[in-house]
Amino acid sequence: MTSVDLPPVYRDIVDVIDDAPGAVQAKQIVPRIGLPAQTSKIEATRSKLKRLVERGWLAEQAPGQFTISAHRAAAGSVR
């Protein structure tokens, strides 16, 4: 499964994290996917990030710090 198989907002989130040099927080992702930096948008994005962790797309290195999961990184680009 590639990020193309994800709904658009989830694909955008995975693409931002895939391009990041290190772990990323929800508040850093929100403006990069075109949303206003409002608390409600940040919390909604954090919820999506947690879902992506549960489904194996992402890893949460430390609380609130998200990266591409190790098995996806080992397989190459997730796109």
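Higher on the page you've got the structure.
All values reported here derive from a predicted model rather than from experimental measurement. (Residues numbered from 1 in each chain as written. Predicted model: local features only at pLDDT ≥ 70, side-chain atom pairs only at ≥ 80, totals over all residues. Heavy atoms only, no water.)

Draft legend 1. Spatial organisation of the overall build of the protein. A count of helices and strands for the protein gives four helices and two strands. Put simply, the protein runs from its N terminus to its C terminus through helices and strands in the order α-α-α-β-β-α. Expressed as a percentage of the 79 residues in the protein, the buried residues total 35%. Accessible surface, the protein as shown: approximately 4,500 Å² in total, 52% of it carbon and sulfur. (Helix = DSSP H or I, 4+ residues; strand = E, 2+ residues; numbered from the N terminus. Buried < 20%, exposed > 50% of the residue type's maximum accessible area, 1.4 Å probe, protein only. Areas by Shrake-Rupley, 256 points an atom, 1.4 Å probe, with all protein chains shown as cover.)

Draft legend 2. Up close: the nonpolar core. Of all hydrophobic cores here, the largest spans 19 residues; its most connected members are Ile 13, Ile 17, Ile 29, Leu 49, Leu 52 and Leu 58. Among the elements of the structure, α1 (8–19), α2 (26–32), α3 (39–54) and β2 (65–68) are those that each provide at least two residues to this core. The element that contributes the greatest number of residues to this core is α1, accounting for five residues. Among residues more than four places away in sequence, those in contact with Leu 58 are Ile 17, Leu 49, Leu 52, Val 53, Thr 67, Ile 68 and Ser 69. (Core = buried A, V, L, I, M, F, W, Y, C linked by side-chain atoms within 4.5 Å. Contact = heavy atoms within 4.5 Å.)

Draft legend 3. Spotlight on the pattern of salt bridges. One pass over the structure, following the stated rule, counts two salt bridges. Arg 46 is paired through a salt bridge with Glu 43; the nearest N and O atoms lie 2.5 Å apart. With a gap of three residues between them, Arg 46 and Glu 43 both fall in helix α3, about one helical turn apart. Take Arg 46: its relative accessible area is 28%, and that puts it in the partly exposed class. In this structure, Lys 50 engages Glu 60 in a salt bridge whose closest nitrogen and oxygen atoms are separated by 2.9 Å. With Lys 50 in helix α3 and Glu 60 in strand β1 (residues 58–62), the pair connects residues that are 10 residues apart, well separated along the chain. Exposure remark for Lys 50: the relative accessible area of 34% places this residue in the partly exposed category. (Salt bridge = Lys/Arg side-chain N within 4 Å of Asp/Glu carboxyl O.)

Draft legend 4. Layout of the side chain of Thr 67. Its place among the elements puts Thr 67 in strand β2. In terms of polar contacts, Thr 67 uses its side chain to reach the side chain of Gln 61, at 3.0 Å. Excluding its chain neighbours within four sequence positions, the residues that come into contact with Thr 67 are Ile 17, Gly 22, Ala 23, Leu 58, Ala 59 and Gln 61. (Polar contact = N/O pair within 3.5 Å; in protein donor to acceptor, adjacent residues only side chain to side chain.)

Draft legend 5. Molecular detail of the packing of α1 against α3. Two elements in contact, α1 and α3, have axes whose closest approach is 11 Å; the angle formed by their N-to-C orientations is 80°. As far as their axial angle goes, α3 and α1 are roughly perpendicular. Here Val 9, Tyr 10, Ile 13, Val 14 and Ile 17 of α1 lie close against α3, whose contacting residues are Thr 45, Lys 48, Leu 49, Arg 51 and Leu 52. (Axes fitted to C-alpha atoms, helices over the stretch in contact; angles between N-to-C directions. Parallel < 35°, antiparallel > 145°, perpendicular 65-115°, else oblique.)

Draft legend 6. Focus on the pairing of β2. By the bridge criterion, four bridges tie β1 to β2 in an arrangement that is antiparallel. When the sheet's bridge partners are listed, Leu 58 is paired in β2 with Ile 68. Between β1 and β2, which follow one another and run antiparallel, lie two residues, and Gly 64 among them has a positive phi close to 80°. (Pairing = 2+ DSSP bridges.)

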